[in-house]
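Observations on chain architecture
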Amino acid sequence: MTTRAVVKGVGHYLPERVVPNSELETLVDTTDEWIKTRSGIERRHYAAEGQTTSDLGIRAAQAALADAGLLASDIDAIIVATSTADLTFPSAATMIQNGLGMTNGFAFDVQAVCAGFVYALTTANALIVSGQVNRVLVIGAETFSRLMDWKDRSTCVLFGDGAGALILAAEQGDGTTADRGILATDIHSDGRFRDLLYVDGGTSTGTTGHLRMEGKEVFRHAVEKLAETAHASLAKIGLTGGDVDWIVPHQANIRIIEATAKRMQVPMDHVVVTVQDHGNTSAASIPLALSVGRARGQIKPGDLLVTEAIGGGLAWGSVVLRW
Ligand code: UT7
């Protein structure tokens, strides 16, 4: 028998305000056509004034708990992937824990920017398979609209706000790739590339700062590293792209998503795509895509999924899981 971290519920929350590309045309020198053709993004959601990352995370967590038929008190740990916690500390995770009325267990944030949800899944899996906890609420929640430089057209049109959540629980499998749950993980970082994508604020400046990105360079790394990590995690369990039912990629750019699918030899009708509706929501993009993909009827019980993501650091990785 092998302990597996199995998906028990999924949910998401998107702020009410939808911002189409046409609205950004009035703000910076851009066009709907440029944004659509260069990134695939058509619209994104922005949090309301005063609405924080933990507010979004609480709503997504409540949706996932309802989906699983569980109460917050049934959860042993909360891991939140975010780079936009409400405050420097305490963690967004403890704020969400409090918002859910949960006084048991423990909660902490994982900060690996756009790769955060892959890192959080890897951490949750390790806690579960080592027998330390039974049920983990894994959340990706972001308010990247707060980090935008509204004078920088090369970044401000790309990002959005949102949150997604997944509940993982310990279950016994037979140790084969037919088991449900997380089957393999693969994570990497390389701090030599810190200047390609960063926020120019923090304790060193005393400001929140703005997101800065060398888009072309990040694009180049993404196309190379995402297929590489997806292949690596599949290879750990003797599988290839041909075994995959759904790629659930980080939603940064449709051209990166297509190039990665091509390298993995997975057709685009086996890729969950939400970038047109959400923009890049950083660590929230994969759980949002899992929740939307399930709601659309794309992801079904027993399907083999690969999630992959890359972001600031650079940090990147992938997770193979059977839904
Ligand atoms: O989630 C974390 C990981 N992040 C990513 O994966 C993002 C990776 N990068 C990308 O997705 C793409 O590089 C971008 C979408 C950011 C940019 O696409 P690109 O094809 O690499 O365009 P570019 O940066 O080379 O810019 C092409 C042109 C430039 O003009 P010139 O120099 O050719 O005259 C830009 O100034 O497009 C111009 N441009 C714009 N034009 C209209 C840049 N931003 C805009 C804009 N509207 N918003």
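Residues numbered from 1 in each chain as written. Predicted model: local features only at pLDDT ≥ 70, side-chain atom pairs only at ≥ 80, totals over all residues. Heavy atoms only, no water.

Attention shifts here to the domain arrangement of the protein chain. According to the domain assignment, the protein chain consists of domain 1 (2–173) and domain 2 (181–322). Computed from C-alpha atoms alone, the centre-to-centre distance between domain 1 and domain 2 is 14 Å. Between domain 1 and domain 2, the residue contacts involve 51 residues of the former and 48 residues of the latter. In total, about 3,900 Å² of surface goes out of reach between domain 1 and domain 2, with carbon and sulfur atoms giving 64% of it. (Domains from an automatic or database assignment. Contact = heavy atoms within 4.5 Å. Buried area = accessible area lost by both parts, 1.4 Å probe.)

The environment of the ligand is made up of 22 residues, and the closest members are Thr 30, Arg 38, Lys 216, Asn 253 and Asn 280. At 3.0 Å from a nitrogen atom of the ligand is found a main-chain nitrogen or oxygen belonging to Gly 215. In the environment of the ligand, an oxygen atom lies 2.7 Å from a nitrogen or oxygen atom belonging to the side chain of Lys 216. Relative to its unbound accessible area of 960 Å², the ligand is 73% covered by the protein chains. Elements supplying a minimum of two residues to the shell around the ligand: α2 (32–39), α6 (153–156), α7 (215–236) and α8 (254–263). (Near = heavy atom within 4 Å. Polar contact = N/O pair within 3.5 Å; in protein donor to acceptor, adjacent residues only side chain to side chain. Areas by Shrake-Rupley, 256 points an atom, 1.4 Å probe, with all protein chains shown as cover. Helix = DSSP H or I, 4+ residues; strand = E, 2+ residues; numbered from the N terminus.)

For the α-helix, the turn length of 3.6 residues means that residues three or four positions removed from each other point alike. Within α8 the residues assigned to the buried category are Ile 254, Ile 256, Ile 257, Thr 260 and Ala 261. When α8 is viewed along its axis, its buried side chains cluster within an angular range of 160° and face the same direction. Residues of α8 that are buried make contact with α2, α7, β11 (246–249), α9 (275–278) and β12 (304–311). Two or three places before Arg 255, at the opening of α8, Asn 253 has a side-chain oxygen 2.7 Å from that residue's backbone nitrogen. (Buried < 20%, exposed > 50% of the residue type's maximum accessible area, 1.4 Å probe, protein only. Arc of directions from axis to C-beta.)

A cis geometry characterises the amide bond from Phe 89 onward to Pro 90, with omega recorded as 0°. Mapped onto the elements, Pro 90 comes out in the loop between β4 (77–81) and α4 (92–99). Cis geometry is found at the peptide bond from Gly 313 to Leu 314, where omega equals -10°. By secondary structure assignment, the location of Leu 314 is in the loop between β12 and β13 (315–322). Phi is positive for Val 113, which is not a glycine, with a value near 45°. Take Val 113: it is sitting in the loop between β5 (106–110) and α5 (116–129).

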